[in-house]
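Observations on the model geometry
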Amino acid sequence: QKEVEQNSGPLSVPEGAIASLNCTYSDRGSQSFFWYRQYSGKSPELIMFIYSNGDKEDGRFTAQLNKASQYVSLLIRDSQPSDSATYLCAVNPVSAGNTGKLIFGQGTTLQVKP
Amino acid sequence: NAGVTQTPKFQVLKTGQSMTLQCAQDMNHNSMYWYRQDPGMGLRLIYYSASEGTTDKGEVPNGYNVSRLNKREFSLRLESAAPSQTSVYFCASSGPPGVGYGYTFGSGTRLTVV
């Protein structure tokens, strides 16, 4: 079992719809969870982080965390073609100790169609 | 506002050649990382340095060496390049472990070994 798993997609949604991206992780003691966006040929950029159970909203983005189910998700409301990218889920596992080491999922490719 | 600077951006090597990828950050971060990214594999950690003077192996360290030259610089060396090392390499840095620290990534090095 991979430490961080994502459906590679592609996930295709129409413009204006809600895109839902999902991620599961295996280390139950993981503390911090991150979502990065990566455009083709570019480096990843941080868009959201969450560490407490529940929802965290930032503009059109909402991160959801359920530690009991070991599940973290990212919702993108009013999806725009410019949201088309690969979204990487990352987790700071207990095994990282006091380092900032992150384990990444393989990423989900999102396509927003006009 | 340079952030994390990686050089070179592109490189073609012949099998058996050596090279060093350079990375420097100007954010006074303690921790630095080297990842490789291959299609369908996500980001995989090669080596990391939690602080100046320390380095540790990640998930895929074979064939690589690193040097944390000072707080700003963290280099990755391929002693004898192999075609399996064809990949995109990203350097990243982060602040102290804790809530919401995240990574800042460099722009990447696209390496082809022929």
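These figures come from a predicted structure and were not determined experimentally.

Some remarks on the interface of chain B and chain A
Contact with chain B, which involves 23 residues of that partner, is made by 21 residues of chain A. Buried area between chain B and chain A, summed over both chains or domains, comes out near 1,700 Å², and the portion from carbon and sulfur atoms is 62%. Of all residues in chain B, L43, Y101 and Y103 of chain B give up the largest surface area on contact with chain A, accounting jointly for 26% of the area buried on that side. Connecting chain B to chain A are zero salt bridges. Secondary structure elements with two or more residues in the side of chain B that touches chain A: β4 (31–38), β5 (42–49) and β9 (87–94) of chain B. Sorting elements by how many residues they give to the side of chain B that touches chain A places β5 of chain B first, with four residues. Taken together, the residues of the side of chain B that touches chain A break down into 13 nonpolar, nine polar and one charged.

A closer look at the packing of aromatic side chains
Evaluated as defined, the whole model comprises 15 aromatic pairs over all chains. When the centroid spacing of 5.6 Å and the interplanar angle of 55 degrees are considered together, the rings of Y36 of chain A and F104 of chain A count as tilted. With Y36 of chain A in strand β4 (residues 32–38) and F104 of chain A in strand β10 (residues 103–104), the pair connects residues that are 68 residues apart, well separated along the chain. Classification of Y36 of chain A by relative accessible area gives buried; the value is 0%. Considering the side-chain rings of Y35 of chain B and Y103 of chain B, the 5.9 Å spacing of their centres and the 55 degrees angle between planes classify their relative orientation as tilted. Taken together, the residues Y35 of chain B in strand β4 and Y103 of chain B in the loop between β9 and β10 (104–105) connect sequence positions 68 residues apart. Assessed through its relative accessible area of 0%, Y35 of chain B is described here as buried. According to the relative accessible area criterion, Y103 of chain B is buried, its value standing at 4%. An aromatic cluster is present here, built from F34, Y36, F49 and F104 of chain A together with Y33, Y35, Y48, F90, Y103 and F105 of chain B joined pairwise through their rings. The ring centre of F49 of chain A lies 3.3 Å from the NZ or CZ of K56 of chain A, which sits over that ring. Lying over the aromatic face of F61 of chain A, R60 of chain A brings its terminal NZ or CZ to 5.6 Å of the ring centre.

Thoughts on the confidence of the model for chain A
With 98% of its residues at a pLDDT of 70 or more, chain A shows a mean pLDDT of 93. Of all secondary-structure elements in chain A, the lowest mean pLDDT belongs to β10 of chain A, at 92, while strand β8 (residues 71–76) of chain A reaches the highest, 97.

Quick word on the sheet that holds strand β7 (residues 64–68) of chain B
Residues and elements named next belong to chain B. One open sheet holds the four strands; their spatial order is β1-β3-β8-β7, and the pairing between them is antiparallel. Where the open sheet ends on each side, the last strands, each with one partner, are β1 (4–7) and β7. Looking at each pair of strands side by side, their axes are set apart by 15 degrees on average, direction ignored.

Some words on the sheet that holds β8 of chain A
All names here are of chain A. Read from one edge to the other, the open sheet built from five strands follows the order β1-β3-β8-β7-β6, with strand pairing classed as antiparallel. At either end of the open sheet lies a strand with only one pairing partner, and these are β1 (4–5) and β6 (54–58). Of the strand pairs in this sheet, β1 and strand β3 (residues 19–25) are connected by two bridges, and their pairing is antiparallel. Along β3, the bridge assignment pairs V4 with Y25.

A word on the state of the cysteines
This structure, assessed with the given rule, holds two disulfides over all chains. Across the disulfide from C23 of chain A sits C89 of chain A; the S-S distance is 2.1 Å. Residues C23 of chain A and C89 of chain A are joined through a disulfide that is left-handed, its torsion about the S-S bond being -70 degrees. Placement of C23 of chain A in strand β3 and of C89 of chain A in strand β9 (residues 85–92) is noted, with a sequence separation of 66 residues between them. Exposure remark for C23 of chain A: the relative accessible area of 1% places this residue in the buried category. Note that C23 of chain B is cross-linked by a disulfide to C91 of chain B, the S-S spacing being 1.8 Å.

Looking at the pairing of β7 of chain B
Covered by surrounding structure in β7 of chain B are Y64, V66 and R68 of chain B only, the residues N65 and S67 of chain B on the alternate face being uncovered. As consecutive antiparallel partners, β7 of chain B and strand β8 (residues 74–78) of chain B are separated by five residues.

Rules used in this analysis
Residues numbered from 1 in each chain as written. Chains lettered and ligands numbered in written order. Predicted model: local features only at pLDDT ≥ 70, side-chain atom pairs only at ≥ 80, totals over all residues. Heavy atoms only, no water. Contact = heavy atoms within 4.5 Å. Buried area = accessible area lost by both parts, 1.4 Å probe. Salt bridge = Lys/Arg side-chain N within 4 Å of Asp/Glu carboxyl O. Helix = DSSP H or I, 4+ residues; strand = E, 2+ residues; numbered from the N terminus. Nonpolar A, V, L, I, M, F, W, Y, C, P; charged D, E, K, R; others polar. Phe/Tyr/Trp six-rings, centres within 6.5 Å; stacked < 30°, edge-to-face > 60°. Buried < 20%, exposed > 50% of the residue type's maximum accessible area, 1.4 Å probe, protein only. Lys NZ or Arg CZ within 6 Å of the ring centre and 35° of its normal. pLDDT = per-residue confidence, 0-100. Pairing = 2+ DSSP bridges. Axes fitted to C-alpha atoms, helices over the stretch in contact; angles between N-to-C directions. Disulfide = S-S within 2.5 Å.

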